[in-house]
Protein chains: 2
Amino acid sequence: MDRTRLRRKAQRGSHDRAVIDTILDEALVCHVGFTSGHGPVVIPTAFVRIGDDLYLHGATGNAMLSALATGLDACVEITLLDGLVLARTAFHHSVNYRSVIVFGRARRVDDPERKRTALAALIDKLDPQRSAACRPPNHKELASTQVIAMPLAEASAKIRTGPPVPDEGEDLHLPYWHGVIPLVTTRGTPVPAA
Amino acid sequence: MDRTRLRRKAQRGSHDRAVIDTILDEALVCHVGFTSGHGPVVIPTAFVRIGDDLYLHGATGNAMLSALATGLDACVEITLLDGLVLARTAFHHSVNYRSVIVFGRARRVDDPERKRTALAALIDKLDPQRSAACRPPNHKELASTQVIAMPLAEASAKIRTGPPVPDEGEDLHLPYWHGVIPLVTTRGTPVPAA
């Protein structure tokens, strides 16, 4: 579809689901865009991919999820920042990143077993196997939670990796350090609740 | 304005500019939402705050910036993920985060000195003082770059910190570890370009 066509720097783009899925399965937060009565809105929220869908969840009173469940056009964007790209010239400074943009319309997930599966996957994404190491949702908790699924049919990835683009001419002789400062996100020492 | 009113979990919200600015000045990437001819779109991009505006930049041919510069309604969202909140019950799992949402309309920055200031600030955000340790943009580079400014007049922050919300009743006796796993983003060893 035209809106998933990559415009700027198309050589950085991909529609390969393996590439897309790797990014989706590493990232914890997505950025959900939709058009409200007040204009465009972007809201961050946790998500998990299962098969060909992204699953989002929240309280039954969550206005964004309720709006999306009506089948509004939506855009879900995910970005991992991998490095700072420092060049000899200001113009060639950049960042290394891996991002995914998904266009589509979400649907409400009503089936209780499907909801349980999605909620367990959300928790396992925070910490592997965690859904088996806590009390599962009871009927009241499940009823107070809404889950929606956003299809990956219209998804694309965009990635920048590697060093700064090569300088040319006189810039090659500039004395400035140039290269990449990697950004690394790690899990620190767990802090038990009091 | 009504659209900056915090709805869900309003106790986590703030309109305090000092709180908002701290988040804006730490984050490197923002998520820009607007409504295109194809529906809602969210695009990630670098940004920097100077005073009461967020500055975004890109090539003169960048469709998003060109669209925003016409004064389209936009929403810019920024999120820092600080920790994974593991509770005794699946229902109380969460994440710790600091986010900002800005509604408004951007304006194009035409003044060359203002553009230079914004571009230098963008580079200094990647690495302090870096704008003085590289060749500044020349006239051609400056002319091929567009800069837009988005006012912070309609901005709000939302923050979750601390341990899981307390369990109650029988859940207090569940044997599962509960607490917070901090997420820490660090700069790795710089990799010089070949």
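The following paragraphs examine the structure supplied in this document. On a predicted model such as this, the values are computed, not experimentally measured, just so you know.

So, the interface of chain B and chain A
Then step 1. If you look at the interface, chain B gives 71 residues, while chain A gives 71 residues.
Then step 2. Secondary-structure elements contributing two or more residues to the side of chain B that touches chain A are β2 (29-36), β3 (39-46), β6 (73-86), β7 (94-105), α3 (112-126), β11 (179-187) and β12 (191-192) of chain B.
Then step 3. Bridging between strand β11 (residues 179-187) of chain A and β12 of chain B involves two bridges; their strand directions are antiparallel. Within β12 of chain B, the position partnered with glycine 179 of chain A by the bridge is proline 192 of chain B.

Structural notes on the relation of the copies chain B and chain A
Then step 1. After a rotation of 180° and a shift along the axis of 0.0 Å, chain B superposes on chain A with an RMSD of 0.0 Å. Here the two chains are linked by the operation of a two-fold rotation axis. Closest approach to the rotation axis among the C-alpha atoms of chain B is made by threonine 185 of chain B, whose C-alpha sits 2.0 Å away.
Then step 2. Interface residue correspondence from chain B to chain A reaches 99%, placing this contact among same-surface, isologous pairings.

A short note on the sheet that holds strand β8 (residues 107-109) of chain A
Residue and element names in this part refer to chain A.
Then step 1. Read from one edge of the open sheet, four strands run β4-β5-β9-β8, paired in antiparallel fashion. For this open sheet the edge positions go to β4 (48-50) and β8, each flanked by a neighbour on one side alone. Neighbour-to-neighbour, the strand axes of the sheet open up by a mean angle of 40°, direction not taken into account.

Digging into the pairing of β3 of chain B
All names here are of chain B.
Then step 1. The element β3 is largely enclosed, with a buried count of six among its eight residues.
Then step 2. Both β2 and β3 contribute to a ladder of eight bridges, which runs antiparallel. Directly across from threonine 35, in β3, lies its bridge partner proline 40.

With respect to the sheet that holds strand β5 (residues 53-59) of chain B
Paired through their backbone hydrogen bonds, the strands of a sheet run either parallel or antiparallel.
All names here are of chain B.
Then step 1. On the basis of which strands lie adjacent, the open sheet formed by four strands has the order β4-β5-β9-β8 and antiparallel pairing. Edge positions in the sheet fall to β4 (48-50) and β8 (107-109), since each has one partner strand and no second. Within this sheet the neighbouring strands show an average axis-to-axis angle of 40°, counted without direction.
Then step 2. Relative to β5, β4 runs antiparallel, the two sharing three bridges. Across the sheet, residue arginine 49 finds its bridge partner in β5, namely leucine 54.

Description of the pairing of β6 of chain B
Each regular strand shows side chains that alternate between the opposite faces of the sheet.
Residue and element names in this part refer to chain B.
Then step 1. Counting buried residues along β6, 11 of its 14 residues qualify, which places the element largely inside the surrounding structure.
Then step 2. Bridge count between β2 and β6: four bridges; the pairing is antiparallel. Across the sheet, the residue bridging to histidine 31 is glutamate 77, located in β6.
Then step 3. The sheet contact formed by β6 and β7 spans 12 bridges and is antiparallel. Residue threonine 79 lies in a different strand from β7, and its bridge partner there is serine 99.
Then step 4. Sheet topology note: the β6/β11 ladder contains four bridges and is antiparallel. Bridge pairing in β11 places leucine 86 opposite glycine 179.

Rules used in this analysis
- Residues numbered from 1 in each chain as written.
- Chains lettered and ligands numbered in written order.
- Predicted model: local features only at pLDDT ≥ 70, side-chain atom pairs only at ≥ 80, totals over all residues.
- Contact = placed C-beta atoms within 7 Å.
- Helix = DSSP H or I, 4+ residues; strand = E, 2+ residues; numbered from the N terminus.
- Pairing = 2+ DSSP bridges.
- Least-squares fit on C-alpha atoms with pLDDT ≥ 70 in both.
- Axes fitted to C-alpha atoms, helices over the stretch in contact; angles between N-to-C directions.
- Buried ≥ 20, exposed ≤ 12 C-beta atoms within 10 Å, placed from the backbone.

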